[in-house]
Amino acid sequence: MTTFRSVAIISLLVFVLIGLGTVGFHVIEGWPWFESFYGTLMTVSTIGADPVNKLSHSGRVFNVGLIVLGVGVVGFAIGSFTQAVIHLELGALVGRRRMEKEISKLRDHFIICGAGRVGRRVATEVAARNLPLVLIEQEPARAQWAHEKNFPVIIGDATDEAILREARIGFARGLASAVTSDAQNIYIILTARGLAPNLPIVARASEESAESKLLKAGATTVISPYTFAGQRIARFLISPNIQHFIDLASSPLSGGKLDLRMEEVCVSNQSSLAGAKLGEADIRHRLGVIILAIRRDRGEVDFNPTPDRRISAGDYLIAMGDSQKLKELEMLAMALR
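Below is a short write-up of the structure. (Residues numbered from 1 in each chain as written. Predicted model: local features only at pLDDT ≥ 70, side-chain atom pairs only at ≥ 80, totals over all residues. Heavy atoms only, no water.)

1. Describing helix α5 (residues 140-148)
And then number 1: Among the residues of α5, those classed as buried are Ala 143, Trp 145 and Ala 146. Seen along its axis, α5 keeps its buried residues to an arc of 135°; they face one direction. Exposed residues on α5 whose side chains face more than 90 degrees from its buried face are Pro 140, Ala 141 and Glu 148.
And then number 2: Where α5 is buried, its residues touch α4 (117-128), β2 (133-137) and β3 (153-155).
And then number 3: Taken from the residues just after α5, Asn 150 is the one with a positive phi, measuring 60°. (Buried < 20%, exposed > 50% of the residue type's maximum accessible area, 1.4 Å probe, protein only. Helix = DSSP H or I, 4+ residues; strand = E, 2+ residues; numbered from the N terminus. Arc of directions from axis to C-beta. Contact = heavy atoms within 4.5 Å.)

Right under this line is the structure:
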């Protein structure tokens, strides 16, 4: 029985009980309506029925029945309230245990520090690609959003080493520091970098002057929401069709009808693609995927590679295509010979 239904039933029983008592006293004792209503309230509240204690025999019998019914309604209300409290407490406890167990198994996941507007968008984008993530948020009110979305969330300070270890930073694929304070972002980066020296870290910068500090603290990349927003607005003004296409290719939340994605795929040592020329791999005809660029293991980017370009283990293929074909390319890049 849901809490709302229990409240509705209890309210209905109270109204019925008061109405029954009021009519009963009016009919049996001949009291005015208000005095009957007043006497019923005193009976239900266990004070007593008649202010002058003058009840007839029939009135006393009726009053006994009213008292028994009143005790029953009160008992039912207490039982329902207790059951609701126990259900909520047990549900919260089981939910926390389940989430802790889920977090303890995370590997190759993304850690998102901050569940504000930027952090929520990052989490939504990551989840839309069916990638594992965990949020860290200090304020319980903001963490509630993650609970509603069924995202794993840790309520705590992301500058605390224990919290980052709980988020399994040693097994993470990347970390986004998206809290609103630049100073706190710096502390988060310093703490995270001390625990995971090679972890890719993307940080939010509220002020332009903070970008260099965040990079010195150990951030791999720094993004300013205001700079990014300004660039997007300018691109929409200058080249709206190009920006629409970029949005369609870069985000699964763009709302376009075309299933188009742009992803990076790492080529493993065991892949059949390792050592092959791009033309020999024939990825475009086999999978219908376009290779836009190859990011070499050494860091340089080979844009619009020609068919004679050789793919090496450790290279990242920057590819565009529909989501299913990109998954097939990822499997091919990781498959054994």
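There's more to say after this.
2. Topic: a nonpolar patch on the surface
And then number 1: A grouping of Val 23, Val 27, Ile 28 and Trp 33 is seen on the molecular surface, where their side chains present a nonpolar patch of about 390 Å² in accessible area.
And then number 2: The element best represented in the nonpolar patch is helix α1 (residues 3-28), accounting for three residues.
And then number 3: Here Trp 33 lies in helix α2 (residues 33-44). (Patch = residues over 30% accessible without salt bridge, like charges linked within 9 Å, V, L, I, M, F, W, Y side chains within 5 Å. Areas by Shrake-Rupley, 256 points an atom, 1.4 Å probe, with all protein chains shown as cover. Salt bridge = Lys/Arg side-chain N within 4 Å of Asp/Glu carboxyl O.)

3. With respect to the sheet that holds strand β9 (residues 301-303)
And then number 1: Spatial strand order, β7-β10-β8-β9: four strands in an open sheet with antiparallel pairing. Unpaired on one side and paired on the other, β7 (261-266) and β9 mark the two borders of the sheet. The sheet shows a mean angle of 25° between the axes of neighbouring strands, taken without regard to direction.
And then number 2: Judged from the three bridges that link them, strand β8 (residues 290-295) and β9 form a sheet pairing that is antiparallel. (Pairing = 2+ DSSP bridges. Axes fitted to C-alpha atoms, helices over the stretch in contact; angles between N-to-C directions.)

4. Focus on the pairing of β2
And then number 1: A large share of β2 lies buried, amounting to five of its five residues.
And then number 2: Side chains of β2 alternate between two faces, with Leu 133, Leu 135 and Glu 137 and Val 134 and Ile 136 buried alike.
And then number 3: Relative to β2, strand β1 (residues 110-113) is paired through four bridges, and the arrangement is parallel. When the bridges of β2 are listed, Phe 110 appears paired with Leu 133.

5. Quick look at unusual backbone geometry
And then number 1: Backbone geometry at Asn 130 places phi at a positive 60°, although glycine is not the residue there.
And then number 2: Among the structural elements, Asn 130 can be located in the loop between α4 and β2.
And then number 3: Even without being a glycine, Asn 150 presents a positive backbone phi close to 60°.
And then number 4: Mapped onto the elements of the fold, Asn 150 is located in the loop between α5 and β3.
And then number 5: With relative accessibility at 65%, the residue Asn 150 sits in the exposed group.

6. Overview of the packing of helix α7 (residues 182-195) against helix α8 (residues 210-217)
And then number 1: Following both chains from N to C, one finds α7 and α8 inclined at 15°, their axes separated by 9 Å at the closest point. By the angle between their axes, α7 is roughly parallel relative to α8. In this structure, α7 crosses over α8, and the sense of that crossing is right-handed. Here Asp 182, Asn 185, Ile 186, Ile 189, Leu 190 and Arg 193 of α7 lie close against α8, whose contacting residues are Ala 210, Lys 213, Leu 214 and Ala 217.
And then number 2: Residues belonging to the contact of α7 with α8 are distributed by class as follows: six nonpolar, one polar and three charged. (Parallel < 35°, antiparallel > 145°, perpendicular 65-115°, else oblique. Left-handed = near helix turned anticlockwise from the far one by under 90°. Nonpolar A, V, L, I, M, F, W, Y, C, P; charged D, E, K, R; others polar.)

7. Concerning the packing of aromatic side chains
And then number 1: This model, assessed by the stated rule, comprises one aromatic pair.
And then number 2: Arranged with centres 5.6 Å apart and planes meeting at 70°, the rings of Trp 145 and Phe 151 form a pair that is edge-to-face. For the pair Trp 145 and Phe 151, one class covers both residues: buried.
And then number 3: Positioned above the aromatic ring of Trp 145, the side-chain terminus of Arg 120 is 5.9 Å from the ring centre.
And then number 4: For the cation-ring pair, Arg 168 lies above Phe 171, with the distance from its terminal atom to the ring centre recorded as 4.1 Å. (Phe/Tyr/Trp six-rings, centres within 6.5 Å; stacked < 30°, edge-to-face > 60°. Lys NZ or Arg CZ within 6 Å of the ring centre and 35° of its normal.)

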